[in-house]
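Structural description and commentary
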Amino acid sequence: MAPGEGGIGYRRNGKKQACEPCRKGKLACDHAVPFCGRCTRRNTTNRCIYHPNPMTKVRPPVTSQNSALAIQTSLPLSPSQHTAGASCPIDSNLISPTSRLGNGIQSLDVTKENGPGCQLTHWPRTGIEPVRRHADCWKTAEFPKSAKFYGPTSISSVFSEHKSPDSEDLLNIGEDSRKHPGAWPFGQPLLGRARPNAPDVRRKEVVKALWNIPSKEICEDLIARVSSTQAIHNIAMNIVMMRHCNMTLWSTFGAQLAAPRSDQALTVIAEMLFKNEEHPLPESPEDGIEWMNTFMGVNLRFEMLGILFSFFGKAFLILQDWDPLFKVPENHGRDRRETCWRLKECADVCRKMCHFSETINVLVAALNYNIHIVESCCTGDESYLMRHRHGDMVTSTINAGLHRLPDYNNTKITTASEYKRRLFAAVYFLDKTIASLNGTPPMLTRLYCDVKECLDLTDEEMFLPQHVLASVVKRLDSDGWNTAGNMYNITISRAIWRISALREEILELALGVRLPVTEERMGELRLRCQQVLDGFPSQLLYYADGKDPSTKTGKTIFSQAVLMLDYFQNMFLIERVATARGLPHENRLLDAAMEMLDLTLMFWISRDQLQAFTAYFDWIITYNGIPCAGVICVHLLKTHNHGSNQQNPNFSRSDAIQKLTLFIGFLEWIRPTDGNYKLAGRLRNVIRRVLDHVLEPPRPETRTPISIDAQFDPSMLSPLANMNDITVDMNDMDWLNTIDWTQGSWMDFN
């Protein structure tokens, strides 16, 4: 646009057009009119023009066949018209902030990337007309890179920190562009056309994934069920985002997804996804609906589609095995876990596409988090692959800069900023959970993270217009809690965030090297854990106001009990650390184990009223039931062989045996379609052998201490343990360092 006109055009990524001198010099332009600040300072205003299409090449004469397309593609793009490809004229109503709903595609760029010369691909008549594009353009194409986080020690920080108006041009390093994912980086690739990032291979994978999008009726049914039961407690799967993504998906690509589906029709969607990946995710608008429209509908990106696949997988997983949705023909006879796994595979295809294109943003971090969760629900938590997933999740979170978000006082509260805080809170908590489960160091620590707690807002309130959102935020109390006394998903997550911060300190003592563990330090941590619990609003407390917890039902009792288990887990780890480091805390550890096992059994006893949440039961057993049951089993073996209970007069042998018997029933109830089903079966056999041993009448020939080999499966012991030297006749709690209740070292402090 020439100087003196009323506005400036927009680039394909939604940002304002730079003037020609700044664009050619790859310098930041302030977009001032009629002349930018840099050109004014350098006295080059005679060359300061804003070209509407600076990259346009000389076109062949316009014929009647493509005249309409040529006219449309010669116009500059505005934010409401922006798509990932300028050659794809789209109805602006699709992403208008006022429309809030996409309504279809007018035309789309559909190409065939392999083969000589220009190709015209013929598609079935679906209302979309293909256009011509050179088949080998991907070989030389270059695109802008996604913005990544760079800290103060990065190689470019010394230049960026000392920029001034006078030296900005001289100190601007700039950034290289990225090549097409299928390009050859260093000569002909080893696998040739069969390489995973080859254009044809990528397209076929994406089309296969698109085949598995459930029908419109099933998608809407799953979203309605999740909305009514609130059975998915995952703040990274915001229900408003899932609902809007599904709505815009079908309004935009309904013709291509309608039955009967075909590879040709689904390729139209694949080409749109490939076109949208060519440009980074644009900067987040303040309006929540407008923000979602930058990566949904006609702007649909692989990362958002993968999150939607993960959501549908999780939604299928929380159903009961007998649900009629598993009997529909399009599910091909898959059971609950198989259906979830297939959708997880589709989400993984989307993740791979982001990996090939070097795409990194908040949505990629959310996709890695959701795949981690869904795969854990299908396969359990013991494999190396799950640890690898965890590393990918943390890496994408850090590169997206979620660990160093600005303070509330320094930035305006928007939907996008609040979603980033919620996502990081979820990743941070999962990191501490995996660290305590596997006994591995946490990857995210408070030493390098500076993120404040999320605000206690509902999912719907997050997407209110800015002036309404600001008024809702003002109604929160000084600590960020809602003042209505309601318990939302984010309310539970805020509480878990505070518990996780303390768990990190406990894990430092548990997993750190040569750190002093004293009675004073243990007492301080114990007191702070109690203070955190006492600081929660009353609606979060499992034991509150003298009410019997058994009278609560559904979402309330489940959420409060899960939160209480996280508190018990902290107390259990504190006593576990103290005992392993030689402090006389055996009785405290045993009391904490009994209390945690009692609350774990509540989920099984109340399974009828918690039917919507049974998909989480195998995880509750793994994370909470296994450690406390192991401590109780060890104590029963010790007291049985010593013939006394003088060490802990408050311990009831009968109560412990009854709880372990009920726990066996809980383990037997775990379904084959649950991720930790096999682990539950192994633990069940161990507890049965322990109970048989302590309840069996003594025999004269068995009065001597019994070797572990006679009572335990060697696969349940640490691989580093000396099998010949371990017996039940021990004078201390060394058992807790040798018995592995999850087939692999649960927590090795030595």
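Please read all numbers here as calculations on a predicted model, not as lab measurements.

Let's shift gears to the side chain of S310. You can see S310 is positioned in helix α11 (residues 302-317). Here S310 falls in the buried class, since its relative accessible area comes to 1%. Setting aside its immediate chain neighbours within four residues, S310 contacts M237, A347, L367, N370, I371 and V374.

Quick look at the environment of L610 now. Relative to the assigned elements, L610 resides in the loop between α20 (586-605) and α21 (617-642). Assessed through its relative accessible area of 0%, L610 is described here as buried. For the pair L610 and F558, spaced 52 residues apart in sequence, the C-alpha separation works out to 7.1 Å.

Taken as a whole and judged by the stated rule, the model has 36 salt bridges. The residue R498 makes a salt bridge to E453 at a minimum N-O spacing of 2.5 Å. In this pair, R498 sits in helix α17 (residues 489-511) while E453 sits in the loop between α15 (415-438) and α16 (466-474), placing the two residues 45 residues apart along the sequence. In this pair, the class of R498 matches that of E453, namely buried. In this structure, the salt-bridge partner of R498 is D479, at a minimum N-O distance of 2.8 Å. One end of the pair, R498, is in helix α17; the other, D479, is in the loop between α16 and α17, with 19 residues separating them in the sequence. In this structure R498 comes out as buried when scored by relative accessible area, which is 19%. Judged by relative accessible area, which is 36%, D479 ranks as partly exposed. Sharing partners across several salt bridges, the network here consists of K344, D348, R351, E375 and R389.

Helix length check: helix α12 (residues 336-356), at 21 residues, gives a terminal C-alpha distance of 31 Å against a target of 30 Å (1.5 Å per residue), a fit within 8%. Sitting at the head of α12, D335 places a side-chain oxygen 3.2 Å from the backbone nitrogen of R337. Of the residues one or two after α12, E358 is the one with positive phi, at around 55°.

Attention shifts here to the nonpolar core. Generally speaking, a soluble globular protein has its nonpolar side chains buried in company with each other. Formed by 175 residues in total, the largest nonpolar core has its most connected members in M241, F603, F663 and I687. In terms of residue count, helix α19 (residues 554-580) provides more of this core than any other element does, 14 residues in total. By size, the runner-up hydrophobic cluster in this structure holds nine residues, among which are I8, C36, C48 and Y50.

In this model helix α13 (residues 362-379) runs 26 Å from its N-terminal to its C-terminal C-alpha over 18 residues, within 8% of the 26 Å that 1.5 Å per residue would give. Counting buried residues in α13 gives 17 out of 18 residues, a clear majority hidden from the surface. At the N-terminal end of α13, a side-chain oxygen is found 2.9 Å from the backbone nitrogen of L363, two or three residues along, and the residue is N361. Following α13 by one or two positions, G380 has its phi on the positive side, about 90°.

If you want to describe how two helices pack, look at the angle between their axes and the distance between the axes. Relative orientation of the contacting elements α17 and α19 amounts to 10°, with a least axis distance of 10 Å. Classified by the angle between their axes, α17 and α19 sit roughly parallel to one another. Packed against α17, whose contacting residues are N489, I492, A495, I496, I499, L502, R503, I506, L509 and A510, the element α19 presents K555, S559, L563, D566, Y567, Q569, N570, L573, I574 and V577 at the interface. Taken together, the residues of the contact of α17 with α19 break down into 13 nonpolar, four polar and three charged.

According to the stated counting rule, one finds 19 aromatic pairs in the structure shown. When the centroid spacing of 6.0 Å and the interplanar angle of 70° are considered together, the rings of F603 and F617 count as edge-to-face. Of this pair, F603 sits in helix α20 while F617 sits in helix α21; the two residues are 14 residues apart in sequence, bridging distant segments of the chain. Just as F603 is buried, F617 falls in that class too. Both rings, one in F617 and one in F666, keep their centres 5.8 Å apart while their planes meet at 85°; by these two values the pair is edge-to-face.

Once that is clear, we can look at the environment of W291. Relative to the elements of secondary structure, W291 occurs in helix α10 (residues 288-292). Remark: the alpha-carbon pair of W291 and A416, spanning 125 residues in sequence, is separated by 7.1 Å. Among residues more than four places away in sequence, those in contact with W291 are M241, S284, P285, T415, A416, Y419 and F463.

Cis geometry marks the peptide bond from A259 to P260, where omega comes out at -5°. Its identity as a non-glycine residue notwithstanding, E358 has a phi of 55°, on the positive side. Of note, R514 is a non-glycine position whose phi angle comes to about 55°, a positive value. Topologically, R514 is positioned in the loop between α17 and α18 (519-534). On the basis of relative accessibility, which here comes to 79%, the residue R514 falls in the exposed class.

Conventions and cut-offs
- Every residue gets a number counted from 1 within its own chain, in the order that chain's sequence is written.
- Restriction of local features to residues with pLDDT of at least 70 applies here, the model being predicted, together with a cutoff of 80 or more for giving and counting side-chain atom pairs; totals for whole chains, interfaces and linings are based on all residues.
- To obtain the side-chain values, all non-hydrogen atoms of the structure were used and water was disregarded.
- The helix count covers DSSP runs of H or I at least four residues long, the strand count covers runs of E at least two residues long, and both are numbered beginning at the N terminus.
- Think of it in three bands: residues with accessible area under 20% of the maximum for their type are buried, residues over 50% are exposed, and the middle band is partly exposed, with areas taken using a 1.4 Å probe on protein chains only.
- By definition in these notes, contact holds between two residues if any of their heavy atoms fall within 4.5 Å.
- Each reported salt bridge corresponds to a side-chain nitrogen of Lys or Arg within 4 Å of a carboxyl oxygen of Asp or Glu.
- To estimate the expected span of a helix, subtract one from its residue number and multiply by 1.5 Å.
- Counted as a polar contact is a pair of N or O atoms within 3.5 Å, where, for protein atoms, one must be capable of donating a hydrogen and the other of accepting one, and residues adjacent in sequence contribute only when both atoms are in side chains.
- Put simply, buried Ala, Val, Leu, Ile, Met, Phe, Trp, Tyr and Cys residues joined by side-chain atoms within 4.5 Å make one nonpolar core.
- Geometry is summarised by axes, namely lines fitted to C-alpha atoms with helices restricted to the contacting stretch, and by angles between N-to-C directions that run from 0 to 180 degrees.
- Our angle categories are set so that under 35 degrees counts as roughly parallel, over 145 as roughly antiparallel, 65 to 115 as roughly perpendicular, and the remainder as oblique.
- All residues other than Ala, Val, Leu, Ile, Met, Phe, Trp, Tyr, Cys, Pro, Asp, Glu, Lys and Arg, Gly among them, are scored as polar; the first ten of these are nonpolar and the last four charged.
- Two aromatic rings from Phe, Tyr or Trp, using only the six-membered ring of Trp, form a pair when their centres are within 6.5 Å; if the ring planes differ by under 30 degrees the pair is stacked, by over 60 it is edge-to-face, and anything between is tilted.

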